[in-house]
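Given next are the chains, with one letter for each unit.
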Amino acid sequence: MDFHSQKLLKGKNNSCIGEAEDRISGLPDEILHYILSFLEFKFVVRTCVLSKRWNYIWTSNPILKFPSCYRYSLSQTNKLMDFVDATLLLHDPSSNIQTIHLETNGHFDAFRVHSWISNITKRNNVRELNLDFRLDKPFSIPSSLFKCESLTTLELTASCDMHIPKSFSFPKLKSLTLCGIQFTQEDGWNEKHFSNFPVLENFILKDCTWHGMKKFCILTPVLKVLEFEKSDSKKDGLQDCVLKIHAPNPVSLSHVGGVAKDYDLSRFTGFVNILPTFHNLNNLDLILGPASDELIFALIKAVPNLKRLQFGDEVLLSADRVFDESQDLFRHLQSVGFVGFGGNARELRWAKCILKNAKSLQTINIGHGACHFENKDVVMLELSSLARASGRCLGSRQWPSASDSDARVENPPRPSVSHERIK
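Residues numbered from 1 in each chain as written. Predicted model: local features only at pLDDT ≥ 70, side-chain atom pairs only at ≥ 80, totals over all residues. Heavy atoms only, no water.

Here the focus is the overall build of the protein chain. Assigned secondary structure in the protein chain consists of 10 helices and 16 strands. Expressed as a percentage of the 423 residues in the protein chain, the buried residues total 44%. Surface summary for the protein chain: the accessible area is close to 22,400 Å², and the carbon and sulfur share equals 52%. (Helix = DSSP H or I, 4+ residues; strand = E, 2+ residues; numbered from the N terminus. Buried < 20%, exposed > 50% of the residue type's maximum accessible area, 1.4 Å probe, protein only. Areas by Shrake-Rupley, 256 points an atom, 1.4 Å probe, with all protein chains shown as cover.)

Here's what the structure looks like:
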């Protein structure tokens, strides 16, 4: 046994750990950086005290994950801002920065935040940015962020007054997440904006607002995942906006919350194909609206064994183009309900279509809505005169009396069939 082996053995048997071989420090920088990538950056910096080998490892670390500071006090925030200043000042400018996660709070100095983003994005080698702005005052994002051509992933969260500029360029961006962003008519979002996202695959919008927007256009040829998410019931302006989508080959579409005024899906050719088929689904409640006929038909086609269909009081409010009645979509339908029926042309057109094609229909439930009391009989007479494919169909109506104008509509009775919800 040679002297070196004896030394290692001694360290193992006699607890002389300080004499053991340091194998981790001998690893290449790239592997050390990978190991350190699982830590917040403040812990990465502390490794500089381990040995001379570790003195400057942190200055070339490509992943900067600054700590969450949502609940920090003013003094804690000041220390964090000093830490970020020192980190960006001492970080090796010749090394690549792959990922930066930065969160702010109401105590942050907007001028310093602005300078950090300018410093980061002007390097033109950062690939992933996750920026969470929780400032108390309106904040102007540096234009260099929206001209950072090296970015492949951008997640931008705002709880303050912040807008996306009219001019930007992201030739390599594949994933874009926008949270709390305010879109306005002045921003002028249209097809030209998305020509600057030639390789965008994932686009997620959470709790954004569209107040004053007449049309919002999403135009990207390789988009695979599109998500709209609203976590509260506050109006976001989307209900007054036409949503235009051009995505030839989508893989996933998720829409949680209120819907747009209308949808232009003429160039969203894969829309029907991305909806799964719910063979075990019997009941379909269309609650939030208004919704286009194209969207409603796409949902009904995804439920081939539909037995009960109910329209909410806002779903059929807006006018829409004439739909195709030729497809046999209602072969199993037994019950249909209209909550808040107002007697407008579109509601009557849908009632006519269903009565004409639903051969198994047993009940149609009409709940009162905005229809004037003086013409309710005219509307019901027109409904009763419509042709019916089913000889077993019975109708029920729930109109208020003149002294009960505020009466609430009871939900129509439901047949005993299995009920699943589409997530």
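The rest of the description comes next.
Among the structural elements, Arg-392 can be located in the loop between α10 (376-384) and β16 (394-398). Counting along the chain gives 32 residues from Arg-392 to Ser-360, while the straight-line C-alpha distance between them is 7.8 Å. For Arg-392, the residues in contact, after removing those within four places along its chain, are Ser-360, Leu-361 and Gln-362. (Contact = heavy atoms within 4.5 Å.)

Another point: the pattern of salt bridges. Under the definition given, this model contains 6 salt bridges. Arg-112 is the salt-bridge partner of Asp-85, the closest N and O atoms lying 2.3 Å from each other. Of this pair, Asp-85 sits in helix α4 (residues 74-90) while Arg-112 sits in helix α5 (residues 110-121), and the two are 27 residues apart along the sequence. The exposure class assigned to Arg-112 is buried, which follows from its relative accessible area of 19%. A salt bridge links Arg-134 to Asp-132; the shortest N-O distance between them is 3.1 Å. Through salt bridges that share partners, Asp-82, Asp-85 and Arg-112 make up one connected network. (Salt bridge = Lys/Arg side-chain N within 4 Å of Asp/Glu carboxyl O.)

With that settled, consider the packing of aromatic side chains. In the structure shown here, the tally under the stated rule is 12 aromatic pairs. Summarising the aromatic geometry, the rings of Trp-210 and Phe-216 are spaced 5.9 Å apart at their centres and angled 80 degrees between planes, so their arrangement reads as edge-to-face. Under the relative-accessibility criterion, Trp-210 is labelled buried at 3%. Judged by relative accessible area, Phe-216 falls into the buried class, the value being 0%. With centroids separated by 6.2 Å and ring planes inclined at 45 degrees, the aromatic side chains of Trp-210 and Phe-228 adopt a geometry described as tilted. Here Trp-210 is found in the loop between β6 (202-206) and β7 (215-219), whereas its partner Phe-228 is found in strand β8 (residues 225-229), with 18 residues between them in sequence. Judged by relative accessible area, Phe-228 falls into the buried class, the value being 4%. An aromatic cluster is defined as three or more aromatic residues linked by ring pairs; in this entry it consists of Phe-297, Phe-311, Phe-338, Phe-341 and Trp-350. (Phe/Tyr/Trp six-rings, centres within 6.5 Å; stacked < 30°, edge-to-face > 60°.)

On to the nonpolar core, then. Ranked by size, the top nonpolar core spans 102 residues in total, and within it Leu-309, Phe-311, Phe-338 and Ile-354 carry the most contacts. Those residues within four positions of Ile-354 in sequence are excluded, and the remaining contacts are Leu-309, Phe-311, Phe-330, Leu-333, Val-336, Phe-338 and Leu-361. (Core = buried A, V, L, I, M, F, W, Y, C linked by side-chain atoms within 4.5 Å.)

To continue, consider the sheet that holds β6. Pairing is parallel across the open sheet formed by 8 strands, whose spatial order is β1-β2-β3-β4-β5-β6-β8-β10. Bordering the open sheet on either side are β1 (63-65) and β10 (252-256), each of which pairs with just one other strand. Averaged over all adjacent pairs, the angle separating strand axes in this sheet is 5 degrees, with direction ignored. Here strand β4 (residues 153-158) runs beside strand β5 (residues 175-179); their pairing, made up of 5 bridges, is parallel. Bridge pairing links Leu-154 to Leu-176 in β5. Here α5 sits on the sheet and contacts β2 (99-103) and β3 (128-133); the angle it forms with β3, its principal contact strand, is near 170 degrees. (Pairing = 2+ DSSP bridges. Axes fitted to C-alpha atoms, helices over the stretch in contact; angles between N-to-C directions.)

As for its placement among the helices and strands, Thr-47 is situated in the loop between α3 (41-46) and β1. Here Thr-47 falls in the buried class, since its relative accessible area comes to 10%. Linking Thr-47 and Trp-58, residues 11 residues apart in sequence, is a C-alpha distance of 7.6 Å. Not counting residues within four places of it along the chain, the set of residues in contact with Thr-47 comprises Leu-36 and Trp-54.

Remember that the coordinates give geometry; whether it matters functionally is a separate question.
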